[in-house]
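Each chain, written out:
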Number of protein chains: 2
Amino acid sequence: MASLPEPLQALILAFERLPGIGPKTASRLAFYLLRQPEELSRSLAEALLAVKSATALCPVCFNITSAGMERCEVCADSRRDETLLCVVEEPLDVLVLERTGGFNGRYHVLHGVLSPIEGVGPEQLKIRPLIERVRQNPPREVILATNPSMEGDATALYLRQQLAPLGVRVTRLARGLPVGGDLEYADQNTLLRALAGRQDL
Amino acid sequence: MASLPEPLQALILAFERLPGIGPKTASRLAFYLLRQPEELSRSLAEALLAVKSATALCPVCFNITSAGMERCEVCADSRRDETLLCVVEEPLDVLVLERTGGFNGRYHVLHGVLSPIEGVGPEQLKIRPLIERVRQNPPREVILATNPSMEGDATALYLRQQLAPLGVRVTRLARGLPVGGDLEYADQNTLLRALAGRQDL
């Protein structure tokens, strides 16, 4: 069996290390880049090299921000409601919430969830800075927007316990049927939550 | 709405230019790389930068080979059957056929298929070098392994016409039910082909 030229093999292996990209997709991407003008590979390579050195974590909310900024865009924006604090797992979640346009408060990024199996305890997350932040400058409400998963729920419960002594209102995102969804295809747990959380019309 | 830091945005946009990667996957990949050690982004970036300059097309079969090689590994291997020539659309197809371990002849890569809609005529493909190669060194058999698609079939028919005057045997890969497939899920055309191509047991 003939093998691929080494540089091509190296590119395929590098792609394979990304999440959700298997050997077939990796080959397809590598061969695609070979067919395209060099500019395409070059722009991706340059973006890859820049991204780590040119970004940093906001010291207030731990969202990703440009390196050298004192705080991130949201924390620096005085028009954002400082009395609403939304706690999310990952920086990507901030992006998703921002895209909805429905939230005008501040964020706090945990950078993970509690997961004893994977050895992630409170100390591995940005939980201590969150408690400190709420203590020093108590918001009207802390919205726990961790994922509606087992780990997300456990993390939310833990945070509620930790925040309880501070006397701040703690809420959690609603569970129910996704908009545009179909009752027929909803799983049992979601349907139970939708029933329990039913609202007056 | 808060926007992402520019370097991160640039990386997401660069990923989005790859085939099969939409905005969501691109964000996921970019945020994943941010979380990982810098070595991961760096190795991908280096592979991207090297791949174009370190690879070239084999002057005989037009498969991809390391730059500076006189011919590719398959063409240089004297143990491969020179009397069997397999014509494929893309370099990736060579890889796929090699993985089967069931073909020990030589290849010829067309680098595309005839597609009048996209302005791809015989001159845009490596068809003239193929005819020349068959004329100068006639193989026992030319296997047309273009895809079983409309364009692949049209290209195969065109090649058969062009090869006919040279008196060489021209074959096409078999159509039929995929191994491990299910009659129930086979489309009508495949089933018709499988019927027509039935073989004695």
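This text goes with the structure placed above it.
So, a few notes on the structure that sits alongside this text. Model, not experiment: these values are computed from the prediction. (Residues numbered from 1 in each chain as written. Chains lettered and ligands numbered in written order. Predicted model: local features only at pLDDT ≥ 70, side-chain atom pairs only at ≥ 80, totals over all residues. Heavy atoms only, no water.)

### Looking at the pairing of strand E4 (residues 106-109) of chain A
Residues and elements named next belong to chain A.
Point 1. Burial along E4 is two-sided: Arg106 and His108 facing one way and Tyr107 and Val109 facing the other are all buried.
Point 2. As paired elements, strand E3 (residues 84-88) and E4 share four bridges and run parallel to each other. Following the sheet pairing, valine 87 is matched in E4 by histidine 108.
Point 3. Each parallel crossover has a hand, and for E3 linked through helix H5 (residues 91-100) to E4 it is right-handed. (Buried < 20%, exposed > 50% of the residue type's maximum accessible area, 1.4 Å probe, protein only. Helix = DSSP H or I, 4+ residues; strand = E, 2+ residues; numbered from the N terminus. Pairing = 2+ DSSP bridges. Right-handed = clockwise from strand over helix to strand, strands pointing away.)

### Considering the packing of aromatic side chains
Residues and elements named next belong to chain B.
Point 1. Taken as a whole and judged by the stated rule, the model has two aromatic pairs over all chains.
Point 2. Both rings, one in phenylalanine 103 and one in tyrosine 107, keep their centres 5.2 Å apart while their planes meet at 55°; by these two values the pair is tilted.
Point 3. Relative accessible area serves as the criterion here: at 1%, tyrosine 107 is assigned to the buried category. (Phe/Tyr/Trp six-rings, centres within 6.5 Å; stacked < 30°, edge-to-face > 60°.)

### Considering the layout of surface pockets
All names here are of chain A.
Point 1. Its boundaries defined by the atoms lining it, the largest pocket holds a volume of some 590 Å³.
Point 2. Around the largest pocket, the lining comprises 21 residues; the ones closest to its centre are Thr146, Asn147, Pro148, Ala174 and Arg175.
Point 3. Looking at the lining of the largest pocket, the elements with two or more residues in it are H5 and helix H8 (188-196).
Point 4. Looking at side-chain class alone, the lining of the largest pocket contains 10 nonpolar, five polar and six charged residues. (1 Å grid on protein atoms, 1.4 Å probe; cavity = no way out; pocket = protein on both sides within 12 Å on 5 of 7 lines; lining within 4 Å. Points joined across faces, edges and corners; volume = space filled by probe spheres on them. Nonpolar A, V, L, I, M, F, W, Y, C, P; charged D, E, K, R; others polar.)

### Describing the packing of helix H3 (residues 38-53) of chain A against helix H1 (residues 6-16) of chain B
Axis angle and axis distance: for two packed helices, these are the angle between their axes and the distance between the axes, and together they describe the pair.
Point 1. Where H3 of chain A contacts H1 of chain B, the axes come no closer than 9 Å and their chain directions differ by 150°. On the basis of their axis angle, the class for H3 of chain A and H1 of chain B is roughly antiparallel. Handedness of the crossing formed by H3 of chain A with H1 of chain B: left-handed. For the pair H3 of chain A and H1 of chain B, contact is made by Ser43, Leu44, Ala47, Leu48 and Val51 of chain A and by Pro7, Leu8, Ala10, Leu11, Ala14 and Phe15 of chain B, respectively.
Point 2. For the contact of H3 of chain A with H1 of chain B, the residue count by class is 10 nonpolar, one polar and no charged. (Axes fitted to C-alpha atoms, helices over the stretch in contact; angles between N-to-C directions. Parallel < 35°, antiparallel > 145°, perpendicular 65-115°, else oblique. Left-handed = near helix turned anticlockwise from the far one by under 90°. Contact = heavy atoms within 4.5 Å.)

### Notes on the interface of chain B and chain A
Point 1. Each partner contributes to the interface: chain B provides 53 residues, whereas chain A provides 53 residues.
Point 2. For the pair chain B and chain A, the summed buried surface comes to about 5,200 Å²; carbon and sulfur atoms form 73% of the total.
Point 3. A per-residue breakdown of the area chain B buries against chain A is headed by Arg17, Leu48 and Lys52 of chain B, which together make up 13% of the total.
Point 4. Viewed at the interface, chain A and chain B are joined by four salt bridges.
Point 5. A salt bridge links arginine 35 of chain A to glutamate 90 of chain B; the shortest N-O distance between them is 3.6 Å.
Point 6. Scanning the region where chain B abuts chain A turns up eight residue pairs in polar contact (both at pLDDT 80 or more). (Buried area = accessible area lost by both parts, 1.4 Å probe. Salt bridge = Lys/Arg side-chain N within 4 Å of Asp/Glu carboxyl O. Polar contact = N/O pair within 3.5 Å; in protein donor to acceptor, adjacent residues only side chain to side chain.)

### As for the side chain of histidine 108 of chain A
All names here are of chain A.
Point 1. Here histidine 108 lies in strand E4.
Point 2. Relative accessible area serves as the criterion here: at 0%, histidine 108 is assigned to the buried category.
Point 3. In this structure the side chain of histidine 108 is engaged in a polar contact, spanning 2.8 Å, whose partner is the backbone oxygen of lysine 126.
Point 4. Leave out the neighbours within four places in its chain, and histidine 108 touches Val60, Cys61, Phe62, Leu85, Cys86, Val87, Val88, Lys126, Pro129, Leu130 and Arg133.

### Quick word on the pattern of salt bridges
Point 1. Under the definition given, this model contains 22 salt bridges over all chains.
Point 2. The shortest N-O distance in the salt bridge between glutamate 39 of chain A and arginine 17 of chain B comes to 3.0 Å. One end of the pair, glutamate 39 of chain A, is in helix H3; the other, arginine 17 of chain B, is in the loop between H1 and helix H2 (23-35), on a second chain.
Point 3. We note a salt bridge from arginine 172 of chain B to aspartate 153 of chain B, for which the minimum N-O separation is 2.8 Å. Taken together, the residues arginine 172 of chain B in strand E6 (residues 169-172) and aspartate 153 of chain B in helix H7 (residues 150-163) connect sequence positions 19 residues apart.
Point 4. Among the ionic contacts, a cluster of salt bridges with common partners joins Asp153, Arg172 and Arg175 of chain A.

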